[in-house]
Amino acid sequence: MPCLIEIIMKKILLSLLLAVSFTSVAQFTVSKTDGTPVASGQVISFNSIVYAQASLALKITNTHTAGINIRITCLSMSNTNGQLMEVCFGPDCYGTTSVNQLFPSSGSVNIPVGGIDTSSHFFNNDIGISTSAPVDYVFKIYQVNTFGTEIGTPFTFTYRYDATMAANQIDQSASNAVTLKSTVVDSNLDLQVNSNLNYIIYDLNGKQVLANKLETGYQSIDVSSVSSGLYLLNVVTENGSSYSLKFHKK
């Protein structure tokens, strides 16, 4: 018969494996303060360095069945030294940003079950080292355990300042990328796709229900497994443009 120590070690190993599997997927969603979903990998662009036009505030929603701990870090920046990038999260707010900087500087922000954190804020006041290139900051939002170790699937996005971009240019290019045949659907969401894109379908609570890729052409998304109600279809094109459409599932 196996000894007691061997049995205990097997139980500990099983618990660790379950824990790794359990936290291998994202347990939070990100949206703008107006409820517009933000997809991981998305580029959010501004053509202004004026606070009112260039301020980005995000909502992080806990979709897990327990409380989660969140941190943010700056992965990279280009055409800037970060001296005029304001980042706030939790109790911390800094007027400058550097690569690998952590927010908050110590610890993490706890979001309880069903909770929404609205403390994250980003604002660039730098026209860039070169005015012929955009200013980019890539940020990562990620979950940590009680020891501060990263777990789960991280979420990344790019904050971009591009003086050459016309107002609403990104939203317009993304809106032209897809057309819904009807906003009221039964079992299939039929659409005309004009450029390759990724899509995520959210319910009105910000919970992701479906996600995949679509290629150019006439496409149909099977939504027969989705409950009746209103949903947001968020599409992100290959250049990072994003657009959201509402539809009703019968």
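Cut-offs applied
- Residues numbered from 1 in each chain as written.
- Predicted model: local features only at pLDDT ≥ 70, side-chain atom pairs only at ≥ 80, totals over all residues.
- Heavy atoms only, no water.
- Pairing = 2+ DSSP bridges.
- Helix = DSSP H or I, 4+ residues; strand = E, 2+ residues; numbered from the N terminus.
- Core = buried A, V, L, I, M, F, W, Y, C linked by side-chain atoms within 4.5 Å.
- Buried < 20%, exposed > 50% of the residue type's maximum accessible area, 1.4 Å probe, protein only.
- Contact = heavy atoms within 4.5 Å.
- Lys, Arg positive; Asp, Glu negative; His and termini not counted.
- Salt bridge = Lys/Arg side-chain N within 4 Å of Asp/Glu carboxyl O.
- Polar contact = N/O pair within 3.5 Å; in protein donor to acceptor, adjacent residues only side chain to side chain.
- Disulfide = S-S within 2.5 Å.

Let's shift gears to the pairing of strand 4 (residues 55-62). Remark: a regular strand shows side chains that alternate across the two faces of the sheet. In this structure, strand 1 (residues 28-32) lies alongside strand 4, joined through five bridges in antiparallel fashion. Looking across to strand 4, one finds that Phe28 is bridged to Asn62.

Further remarks concern the nonpolar core. Counting residues in each nonpolar core, the largest one holds 30 residues, and the members touching the most others are Phe122, Phe139, Ile141, Phe157 and Tyr159. The leading source of residues in this core is strand 5 (residues 68-78), at five residues. Here Ile141 is in contact with Phe28, Val30, Leu58, Ile60, Ile70, Arg71, Ile72, Pro154, Phe155 and Phe157, once residues within four sequence places are set aside. Listed in part, the 19 residues of the second largest apolar core include Leu189, Ile201, Val223 and Val226.

Let us now look at the side chain of Lys249. Within the secondary structure, Lys249 sits in strand 20 (residues 242-249). For Lys249, which is buried and forms no salt bridge, the nearest opposite charge comes from Asp186, at a distance of 5.2 Å. Among the polar contacts listed, one links the side chain of Lys249 to the backbone oxygen of Asp186, at a separation of 3.4 Å. From its side chain, Lys249 meets the backbone oxygen of Val226 in a polar contact 3.1 Å long.

Pairing in this open sheet of five strands is mixed, and the strands run 14-20-19-16-17 from one edge to the other. What marks the edges here is a single partner per strand, and that holds for strand 14 (184-185) and strand 17 (208-214). Across six bridges, the pairing between strand 16 (residues 197-203) and strand 17 is antiparallel. Bridge pairing in strand 17 places Ile201 opposite Leu210.

On to the side chain of Thr97, then. Note that Thr97 resides in the loop between strand 7 (92-94) and strand 8 (102-103). On the accessibility criterion, Thr97 (2% relative accessible area) is buried. Within the local environment of Thr97, its side chain forms a polar contact with the backbone oxygen of Met85, the two atoms lying 3.0 Å apart. Apart from the residues within four sequence positions on either side, Thr97 is in contact with Cys74, Met77, Asn81, Gly82, Met85, Val87, Phe103 and Phe139.

Read from one edge to the other, the open sheet built from six strands follows the order 2-1-4-10-6-7, with strand pairing classed as antiparallel. What marks the edges here is a single partner per strand, and that holds for strand 2 (37-38) and strand 7.

Here, the word disulfide means a covalent bond between the sulfur atoms of two cysteines. Going through the model one piece at a time under the given rule, you end up with one disulfide. At a sulfur-sulfur separation of 1.9 Å, the disulfide partner of Cys88 is Cys93. For Cys88, a relative accessible area of 10% puts it in the buried group.

Inspection of the secondary structure assignment puts Thr156 in strand 12 (residues 150-161). Residue class for Thr156 comes out partly exposed when judged on its relative accessible area of 24%. In this structure, the C-alpha to C-alpha distance between Thr156 and Thr73, residues 83 residues apart in sequence, is 9.6 Å. Each residue touching Thr156, except ones within four places of it in the same chain, is listed here: Ala39, Ser40, Gly41, Gln42, Leu75, Phe139 and Lys140.

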